[in-house]
Amino acid sequence: MIPVFESVKEVEKEISVYYSSDEFIAETLMIENASSSLEKIIFKNVQKVKSILIMCGSGNNGADGYSLARRLAEKVKVSVLQVSEPKSIYCQRAFDNIKSLVKKAIDIYELKSEVKNTKLEKVINSASVIVDCIFGTGFHNLVDEKIVNLFKVVNHSDAFRIACDIPSGIDLNCSNISSFSLQKKKHYVFCADVTATMGAHKMALFSDNAKDLVGKIKCCSIGISNQLFYQKADKVFPKNKVYLLEKDDVTFPVRNELNTHKGKFGHSVVIGGEKLGAAILCATSAFRCGAGLSSIVRCAQNEKSNFQSGVEKFSQYDFKIPACVMISDEIPSNVTSLVLGPGLGRDKNLSTYLEFIESKKVPAVFDADVFYYNELIQFLDSVCSKESDSAEKNQKIILTPHLKEFSVLLKNSGLGDFSIDEIIVKRVELMRLFCNKYKNVVLVLKGANTFIGLKNKIYICKDGHPSLSKGGSGDVLSGAISGLLAQNYSERDAAISGVMMHAIASSKFKKTYNLLPEDLVLEL
């Protein structure tokens, strides 16, 4: 997993001494290394580069752009668009360094109020590559009308688009564009094919609002090892860690023993409610992820006639129960994980199940309809009041809400009334607020990127596929996590591995629209 930061300015101050004792020389070297990384990305991603347009702002991002122009001069046709006059001392110096190349090897343009039907529009449309070096992580508010007119042309060009550090127009939490449609966002934000984030990953790149704007995210070197960078970052940011998950962070179930049996791999149980399909998906997913046994328990308030041998007749539909899933009226005594919520309905009495989970300390996954019950909050309050310093003695509890369900959770737990848009903007802040109240509870907040919270740590999975935007995909996720819990995974590892297995499985579907949850289970 890779550390993620809101900003690295303070870290860069710490590492500057490794470049030079002179602050100006150190910053200049970092800028030069950033432009070198941009150059590598250009030629790695575009085979035939005929012409490049570099859009430069007034700060250090602009300095990266001017340095890049100098490096590329006479290699390819280079055009520089001055979006604003250089202001920072580093940007001014980088601009001074290309003045001798202007007209000889570099063409300079100034941004006017209109872009359409101008010479600049022709330059944009003829460019093989466009590099955005306008604004960095310190940007706030919205871009002005001139830049809106620029982005309307640039974002519809055929050029390969690269953002330096962060696409211009995005602020630290994307609050400035949170209410915009995607079409409008593309008028106010540079739409990148690749974002070259310098030194370390930035939080803003993983906002749901940025998902369609950042393209592939590539972390680039500024001339110092990752090990040293993260070591200094730990000194600057000792608490509240955020990490980006990688595929290597998945711990897949492994069966090394030859002399074994199904009882060694746990028993995952799903409480079946009004929508039996959800319980079936959840139970089969748990079985697919390695649980030795998987059962559906009829919710006490459901009519038994809804459950028939082999085929369940339910609300005018027939459901084929997989042969691997058992049906029961009572929770089996050998249960090692339990899922409550998928397809449950919102008018059930949950006290029996919650008391069982708490008294037996059964590892549990809560999902879907269960978040609308006040009994869940009472349960969490009770469980968390018995916390121990020993992780082994604590109850394993994982919550897997989507954004709307998390809004309900926050309100019911007395932490505040927040809209979905507010949660997207303040996601990490609100997750920390919740996890601080319910310590040792793992929160899996689903979205365009899925965030996992435990105590003061946040883990981000960016690998989910648009194909997951289907009813039932969440049931598969809760089942996968339960299947891992059943095999005695820690709650942290079950959440991380379950989320990543789910995301990796979704990426195997080439088409974005045709995923069936049943097929997703098969790819776990």
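Keep in mind that what you see is a predicted model, and the values were worked out from it rather than measured.

Along strand E2 (residues 51–56), six of the six residues are buried, which leaves the element largely enclosed by surrounding structure. Here E2 shows two buried faces, one formed by Ser51, Leu53 and Met55 and the other by Ile52, Ile54 and Cys56. As paired strands, E2 and strand E3 (residues 77–82) are joined by six bridges and run parallel to one another. For Ile52, the partnering residue across the bridge sits in E3 and is Val78. Each parallel crossover has a hand, and for E2 linked through helix H3 (residues 60–72) to E3 it is right-handed. Two strands pair when backbone bridges link them, and E2 and strand E5 (residues 129–133) are joined in this way by five bridges, in the parallel orientation. The residue of E5 that forms the bridge with Ile52 is Val129.

Turning next to the sheet that holds strand E10 (residues 241–244). Taken together, the twelve strands give an open sheet; going across it, the order is E8-E1-E10-E21-E20-E19-E18-E17-E16-E11-E12-E15, and neighbouring strands pair in mixed fashion. Both edges of this open sheet fall to strand E8 (201–202) and strand E15 (325–328), since each of them pairs with a single strand only. Where E10 lies against strand E21 (residues 457–461), four bridges are found, and the strand directions are parallel. Bridge pairing in E21 places Tyr243 opposite Tyr459. Taken strand by strand, helix H8 (residues 226–236) contacts strand E1 (2–5) and E10, and its axis lies near 50° from that of E1.

On to the packing of helix H12 (residues 403–412) against helix H14 (residues 427–437). Relative orientation of the contacting elements H12 and H14 amounts to 45°, with a least axis distance of 12 Å. Considered as vectors, H12 and H14 are oriented oblique to each other. Our pair here, H12 against H14, has a crossing hand that is left-handed. Contact residues: H12 offers Leu403, Phe406, Leu409 and Leu410, while H14 offers Arg427, Leu430, Met431 and Phe434. Looking at side-chain class alone, the contact of H12 with H14 contains seven nonpolar, no polar and one charged residues.

So, on to the packing of helix H9 (residues 276–288) against helix H15 (residues 473–486). H15 packs onto H9 with a crossing angle of 35° between their chain directions and a minimal axis gap of 7 Å. In this structure, the crossing between H9 and H15 has a hand that is right-handed. Contact with H9, carried on its side by Ala278, Leu281, Cys282, Ser285 and Ala286, involves Asp475, Val476, Ser478, Gly479, Ala480 and Gly483 of H15 and no other residues of that element. For the contact of H9 with H15, a count of residues per class yields six nonpolar, four polar and one charged.

Attention shifts here to the environment of Ile271. Tracing the backbone through its elements, the reader meets Ile271 in strand E11 (residues 267–272). When its relative accessible area of 0% is taken as the criterion, Ile271 is described as buried. Separated by 71 residues in the primary sequence, Ile271 and Pro342 place their C-alpha atoms 8.0 Å from one another.

What follows deals with the nonpolar core. Ile54, Phe229, Leu340, Phe366, Ile397, Leu399 and Phe434 are the most contacted members of the largest nonpolar core, which totals 116 residues. If you tally residues by element for this core, the top one is helix H2 (residues 23–45), at seven residues. Residues in contact with Phe229, not counting those within four places in the same chain, are Phe5, Val8, Val11, Ile15, Gly199, Ala200, Ile222 and Ile224. Core analysis: the next-biggest nonpolar cluster, separate from the first, contains 45 residues, Leu281, Cys289, Val339 and Tyr489 among them.

Below, the discussion takes up the sheet that holds strand E4 (residues 106–110). As summarised here, the arrangement of the seven strands in space is E4-E3-E2-E5-E6-E7-E9, forming an open sheet in which the pairing is parallel. The open sheet has two free edges, formed respectively by E4 and strand E9 (216–220), since each of these has just one partner strand. Looking at each pair of strands side by side, their axes are set apart by 20° on average, direction ignored. In this sheet, E4 lies alongside E3 in parallel orientation, the contact comprising five bridges. Across the sheet, residue Gln82 finds its bridge partner in E4, namely Glu110. On top of the sheet, H2 reaches E2, E5, strand E6 (160–164), strand E7 (194–198) and E9; it is set at about 155° to E7, its chief contact. Of the strands in this sheet, E2, E3, E5 and E6 touch helix H6 (residues 145–154), which is tilted by about 155° from E2.

Its location among the elements puts Glu12 in helix H1 (residues 9–15). Lys9 provides the closest opposite charge to the buried, unpaired Glu12, separated from it by 5.8 Å. Sequence-distant contacts of Glu12, defined by excluding residues within four places in its chain, comprise Met30 and Ile222.

Between its terminal C-alpha atoms H2 stretches 33 Å, which fits the 33 Å expected from 23 residues at 1.5 Å a residue. For H2, the set of buried residues is Ala26, Glu27, Met30, Ile31, Ala34, Ser35, Ser36, Ser37, Leu38, Glu39, Ile41 and Ile42.

This part is about the confidence of the model for the protein. On average, residues of the protein carry a pLDDT of 91, and 95% of them reach 70 or more. Looking across the protein, the model is least confident in strand E13 (residues 311–314), with a mean pLDDT of 42, and most confident in strand E17 (residues 364–366), with 98. With pLDDT under 50 throughout, residues 303–317 is counted as low confidence; its partners more than four residues away or in other chains account for 30 contacts.

End to end, H3 covers 18 Å across 13 residues, agreeing with the expected 18 Å (1.5 Å per residue, within 8%). Burial within H3 is extensive, with ten of its 13 residues counted as buried. Residues of H3 that are buried: Asn61, Gly62, Ala63, Asp64, Gly65, Tyr66, Ser67, Leu68, Ala69 and Leu72. One or two residues past the end of H3 sits Glu74, with phi positive at roughly 75°.

A few words on the pairing of E6. Counting buried positions over the five residues of E6 gives five, a clear majority of the element. With burial as the criterion, each face of E6 is covered, one bearing Phe160, Ile162 and Cys164 and the other bearing Arg161 and Ala163. With four bridges connecting them, E5 and E6 associate as parallel partners. The residue bridging Asp132 from the neighbouring strand is Ala163, located in E6. With H6 bridging E5 and its parallel neighbour E6, the resulting β-α-β unit is right-handed. Handedness of the crossover joining E6 and E7 through helix H7 (residues 182–188): right-handed.

What counts, and at which threshold
- Residues numbered from 1 in each chain as written.
- Predicted model: local features only at pLDDT ≥ 70, side-chain atom pairs only at ≥ 80, totals over all residues.
- Heavy atoms only, no water.
- Buried < 20%, exposed > 50% of the residue type's maximum accessible area, 1.4 Å probe, protein only.
- Helix = DSSP H or I, 4+ residues; strand = E, 2+ residues; numbered from the N terminus.
- Pairing = 2+ DSSP bridges.
- Right-handed = clockwise from strand over helix to strand, strands pointing away.
- Contact = heavy atoms within 4.5 Å.
- Axes fitted to C-alpha atoms, helices over the stretch in contact; angles between N-to-C directions.
- Parallel < 35°, antiparallel > 145°, perpendicular 65-115°, else oblique.
- Left-handed = near helix turned anticlockwise from the far one by under 90°.
- Nonpolar A, V, L, I, M, F, W, Y, C, P; charged D, E, K, R; others polar.
- Core = buried A, V, L, I, M, F, W, Y, C linked by side-chain atoms within 4.5 Å.
- Lys, Arg positive; Asp, Glu negative; His and termini not counted.
- Salt bridge = Lys/Arg side-chain N within 4 Å of Asp/Glu carboxyl O.
- Expected span 1.5 Å × (residues − 1).
- pLDDT = per-residue confidence, 0-100.

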